[in-house]
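Given next are the chains, with one letter for each unit.
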Amino acid sequence: MKGMPHLTFAAATIAVSVGLSQQSLAAPAIVGDVDKVQAQVYATQGDATRTLEARGPVYFRDHMRTGPGARLEAKLDDDTQLTLGENGRLTIDEFVYRPGQTGGKLVVDVSKGAFLFVGGKVEDATGGNVSIRTAIGTLGVRGTTVWGGPIDGGFGVLVLKGEVVVHTRRGDVVLKQGTGTMIFHKGKPQPAGPWPEDRTKRAVASISFR
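(A) Just unusual backbone geometry, in detail. Phi is positive for Arg 55, close to 75 degrees, though the residue is something other than glycine. Counting through the fold element by element, Arg 55 comes out in the loop between β3 (48–51) and β4 (57–59). You can call Arg 55 exposed: its relative accessible area is 74%. Within the chain, Asp 152 stands out as a residue other than glycine whose phi angle is a positive 50 degrees. Following the sequence through the fold, Asp 152 ends up in the loop between β12 (138–151) and β13 (154–168).

(B) Fine view of the environment of Ala 43. For Ala 43, the position within the fold is in strand β2 (residues 41–45). Placed 18 residues apart in sequence, Ala 43 and Arg 61 show a C-alpha to C-alpha distance of 9.5 Å. Leaving out residues up to four positions away in the same chain, Ala 43 has contacts with Ala 48, Thr 49, Arg 50, Leu 52, Asp 62, His 63 and Met 64.

(C) Layout of the layout of surface pockets. Its volume calculated, the largest pocket comes out at about 200 Å³. Looking at the largest pocket, the residues that line it are Ala 135, Ile 136, Gly 137, His 167, Thr 168, Arg 169, Arg 170, Lys 186 and Gly 187. Across the lining of the largest pocket, the residue classes break down as 2 nonpolar, 4 polar and 3 charged.

(D) Layout of the environment of Ala 39. Relative to the assigned elements, Ala 39 resides in the loop between β1 (30–38) and β2. When the C-alpha positions of Ala 39 and Ala 70 are compared, they lie 4.7 Å apart, and in sequence the two are 31 residues distant. For Ala 39, the residues in contact, after removing those within four places along its chain, are Pro 68, Gly 69 and Ala 70.

(E) Summary view of the packing of aromatic side chains. Following the criterion strictly, the structure yields 2 aromatic pairs and no others. Ring centres of Trp 147 and Trp 195 lie 5.9 Å apart, and the angle between their planes is 75 degrees; this geometry places the pair in the edge-to-face category. With a gap of 48 residues between them, Trp 147 in strand β12 and Trp 195 in the loop between β15 (180–183) and α2 (197–205) connect regions that are remote in the sequence. Judged by its relative accessible area of 3%, Trp 147 falls in the buried class. For Trp 195, a relative accessible area of 12% translates into the label buried. Sitting over the ring of Phe 209, Lys 36 keeps its end group 4.4 Å from the ring centre. Over the ring of Trp 195 we find Arg 199; its NZ or CZ atom is 5.2 Å from the centre of that ring.

(F) How the structure looks around the pairing of strand β14 (residues 171–176). Across the two faces of β14 the burial differs, with Gly 171, Val 173 and Leu 175 buried and Asp 172, Val 174 and Lys 176 not buried at all. Two strands pair when backbone bridges link them, and β13 and β14 are joined in this way by 6 bridges, in the antiparallel orientation. Looking at the pairing, His 167 lines up with Asp 172 of β14. Linkage of β13 to β14, two consecutive antiparallel strands, is achieved through a turn of 2 residues.

(G) Spotlight on the pairing of strand β6 (residues 71–76). With 5 of 6 residues buried, β6 is to be regarded as a mostly interior element. As paired strands, β1 and β6 are joined by 6 bridges and run antiparallel to one another. When the bridges of β6 are listed, Gly 32 appears paired with Leu 76. Alignment of β6 against strand β7 (residues 81–84), held across 4 bridges, turns out to be antiparallel. Across the sheet, the residue bridging to Lys 75 is Gln 81, located in β7.

Rules used in this analysis
- Residues numbered from 1 in each chain as written.
- Predicted model: local features only at pLDDT ≥ 70, side-chain atom pairs only at ≥ 80, totals over all residues.
- Heavy atoms only, no water.
- Helix = DSSP H or I, 4+ residues; strand = E, 2+ residues; numbered from the N terminus.
- Buried < 20%, exposed > 50% of the residue type's maximum accessible area, 1.4 Å probe, protein only.
- Contact = heavy atoms within 4.5 Å.
- 1 Å grid on protein atoms, 1.4 Å probe; cavity = no way out; pocket = protein on both sides within 12 Å on 5 of 7 lines; lining within 4 Å.
- Points joined across faces, edges and corners; volume = space filled by probe spheres on them.
- Nonpolar A, V, L, I, M, F, W, Y, C, P; charged D, E, K, R; others polar.
- Phe/Tyr/Trp six-rings, centres within 6.5 Å; stacked < 30°, edge-to-face > 60°.
- Lys NZ or Arg CZ within 6 Å of the ring centre and 35° of its normal.
- Pairing = 2+ DSSP bridges.

Everything listed here is a matter of coordinates, which is why it stays silent on function.
This is the structure:
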């Protein structure tokens, strides 16, 4: 009988250890779904890599990447739509969305490649904070459809709807609907203005599916 407390403590310790192990092995939260893919698209969580397919899940902190000639289109739970062009890298760094409530947050990291962002409910006029991190700086968006990516020897940002504040180490620029900017060699963003038609067409083509 004298050994019973020790055994009880040991059993409790094992139970706690098992619980922590199960918690650490739990799958990350699903934050959206894949709408479309073209060619090879992958996602990595820790040491595990999987192929992304249409109607498959998108998990929080998925490191999504596209290969040559590839495209990815995903929709988050708040109806935000993300499209990634070839040889791209995209991660959902933060996602706070409570249906019917205000004050959410979304942070998307596009470290490589061209992308198209179409804002969802988190980005509504009464919604929360939304930003896109890129190779040249951060885009603060509101009510927005925005393209960004490498083009014409620099990095471009084109606003198709809404408003975007492009923030870089060298300066900021505010873009309204129908205007864009270019950043060359990580310099100061060029003043906002309409893009040439040819550049706009090439930007759209970079995230378009065959």
